[in-house]
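# Results of the structural survey
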Amino acid sequence: MTESQTAVRPERRAELAAGLARVRARIADACAAAGRPRDEVTLVAVTKTYPAADVVALAGLGVTDVGENRDQEAAPKAEAVADAGATPRWHFIGQLQRNKARSVVRYADVVQSVDSVRLAAALDAAAGAVRDRPLDVLVQVSIDGDPDRGGALPGAADPQRGLDPVAAAVAGADGLRLAGLMAVAPLGWEPDRAFARLAEVAAALRADHPGATVLSAGMSGDLESAIGHGATHVRVGSALLGMRPALR
Ligand SMILES: *Cc1c(COP(=O)(O)O)cnc(C)c1O
């Protein structure tokens with residue numbers, strides 16, 4: 001990877017710096033409004049559709065965590081960013097096919113989108129083969145319980161997709177560490193209603209798994225609500241990097 005592929009023009013750097021300042025101010029204001037210390041919330045910059053050069057520039061501006069949702073895009077991007085000498089933590093936040101597990105565990109520090117016992121088993125096997133430390137995992141939760149969209153189902157007896165069996169599978173896997181939960185507010189739901197429900201699910205999970213303290217919730221449009229309901233990680237793309245082309 002040559003430097004030209006990971007260098008940004010000064011105008012782009014200024015644009016990213018301005019976006020970052022706005023997002024950081026929103027996070028700080030939301031923490032203040034919720035009476036929470038600012039350092040309880042980590043910004044995960046969602047860089048999908050944007051080039052490795054933007055990731056390198058964001059890392060240079062102090063961004064420590066980045067999120068990607070497609071392995072085909074993330075694997076070469078992570079390699080280019082590493083070649084440029086930047087070392088952000090990579091969060092995989094998208095739907096993950098089991099046959100991609102072996103690729104993802106090579107660069108991801110956290111997989112936020114585990115929603116079945118089968119996927120947990122595939123990641124465990126893959127992580128055990130190539131990593132010297134367990135992979136941090138968040139179980140993705142379906143807030144509205146719609147089985148057709150992503151997410152494990154709170155309170156469901158389903159042995160494959162129920163939240164309790166998925167969390168138990170992650171917690172019991174040598175290659176994985178159950179770090180917490182991730183969710184997206186369902187379409188058509190008020191964010192406050194969605195994240196209040198998520199906070200209840202997270203509290204119930206922590207009763208069984210006290211180490212599962214991470215709560216990844218909130219995006220460009222609803223990060224204030226998520227922080228008000230206890231999010232420790234917000235995943236912000238468009239407010240930081242600009243609008244993505246549709247269909248991604
Ligand atoms: C794309 C994406 C985000 C970021 O969304 P924005 O609205 O651009 O901030 C957050 N979480 C997930 C799971 C995503 O796929």
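Residues numbered from 1 in each chain as written. Predicted model: local features only at pLDDT ≥ 70, side-chain atom pairs only at ≥ 80, totals over all residues. Heavy atoms only, no water.

### Brief notes about the pairing of strand 1 (residues 42–46)
Note the threshold: Throughout, exposure labels follow a simple rule: accessible area from a 1.4 Å probe, protein chains only, divided by the maximum for the residue type, with under 20% read as buried, over 50% as exposed, and the rest as partly exposed. A run of H or I in DSSP counts as a helix once it spans at least four residues, and a run of E counts as a strand once it spans at least two, with each numbered from the N terminus. Seen with the strands pointing away from the viewer, any crossover whose path from the first strand over the helix to the second strand runs clockwise is right-handed.
Counted residue by residue, strand 1 has four buried out of five residues, so it is predominantly covered. Read from strand 1 through helix 3 (residues 52–60) to strand 2 (residues 65–68), the crossover connection turns out right-handed.

### What to know about the packing of aromatic side chains
Put simply, the rule reads: Within 6.5 Å between ring centres, the rings of Phe, Tyr and Trp (the latter by its six-membered ring) count as paired, and their orientation is classed by plane angle as stacked under 30 degrees, edge-to-face over 60, tilted in between. Two conditions define a charge located above a ring, namely a distance within 6 Å from the ring centre to NZ of Lys or CZ of Arg, and an angle within 35 degrees of the ring normal.
Applying the stated rule across the entire model yields zero aromatic pairs. Over the aromatic face of Trp189 sits the side chain of Arg193, whose NZ or CZ is 3.7 Å from the ring centroid.

### Observations regarding helix 8 (residues 191–208)
Note the following rule: Multiplying 1.5 Å by the residue count of a helix minus one yields the expected span of that helix. Arc definition: it is the arc formed by the directions from the helix axis to the C-beta atoms.
A rise of 1.5 Å per residue sets the reference length of helix 8, with its 18 residues, at 26 Å; its end C-alpha atoms lie 26 Å apart and thus fit the reference within 8%. Buried within helix 8 are the following residues: Ala194, Phe195, Leu198, Val201, Ala202 and Leu205. Seen from one end, helix 8 has its buried residues packed into an arc of 115°, which puts them on one side. Summarising the geometry of helix 8, the exposed residues directed more than 90 degrees from the buried face are Arg193, Glu200 and Ala207.

### A few points about the UniProt feature "domain: Alanine racemase N-terminal" (unreviewed entry) in the chain
The cut-off we apply is this: UniProt positions are given in the numbering used here, feature names are shortened, and annotations may be inferred rather than shown by experiment.
According to UniProt, the "domain: Alanine racemase N-terminal" (unreviewed entry) feature falls on residues 21–245. In the segment residues 21–245, helix accounts for 42% and strand for 17%; the C-alpha atoms at its two ends are 23 Å apart.

### Details of the UniProt feature "modified residue: N6-(pyridoxal phosphate)lysine" (unreviewed entry) in the chain
Rule in force here: Note on definitions: a residue-residue contact is assigned when non-hydrogen atoms from the two residues lie within 4.5 Å.
In the numbering used here, UniProt assigns the "modified residue: N6-(pyridoxal phosphate)lysine" (unreviewed entry) feature to Lys48. In this fold, Lys48 is placed in the loop between strand 1 and helix 3. The contacts of Lys48, once residues within four sequence positions are left out, are Gly67, Glu68, Asn69, Glu73, Lys77 and Arg244.

### A look at unusual backbone geometry
Of note in the backbone geometry, Thr49 takes a positive phi value of approximately 75° without being a glycine. Among the secondary structure elements, Thr49 is positioned in the loop between strand 1 and helix 3.

### Thoughts on the packing of helix 2 (residues 10–34) against helix 3
Under the convention used in this document: Orientation is described by axes fitted as lines to C-alpha atoms, over the contacting stretch for helices, and by angles from 0 to 180 degrees between their N-to-C directions. Orientation categories follow fixed angle ranges, with anything under 35 degrees roughly parallel, anything over 145 roughly antiparallel, 65 to 115 roughly perpendicular, and all other angles oblique. In this scheme, a crossing is called left-handed if the near helix is turned counterclockwise away from the far one by less than a right angle; it is called right-handed if the turn is clockwise.
Between helix 2 and helix 3, the shortest axis-to-axis distance is 10 Å and the interhelical angle comes to 55°. Compared by their axis directions, helix 2 and helix 3 come out oblique. Judged by the twist between their axes, the crossing of helix 2 over helix 3 is right-handed. When helix 2 is examined against helix 3, the residues Arg12, Arg13 and Leu16 are found in contact with a partner set consisting of Asp54, Ala57, Leu58 and Gly60.

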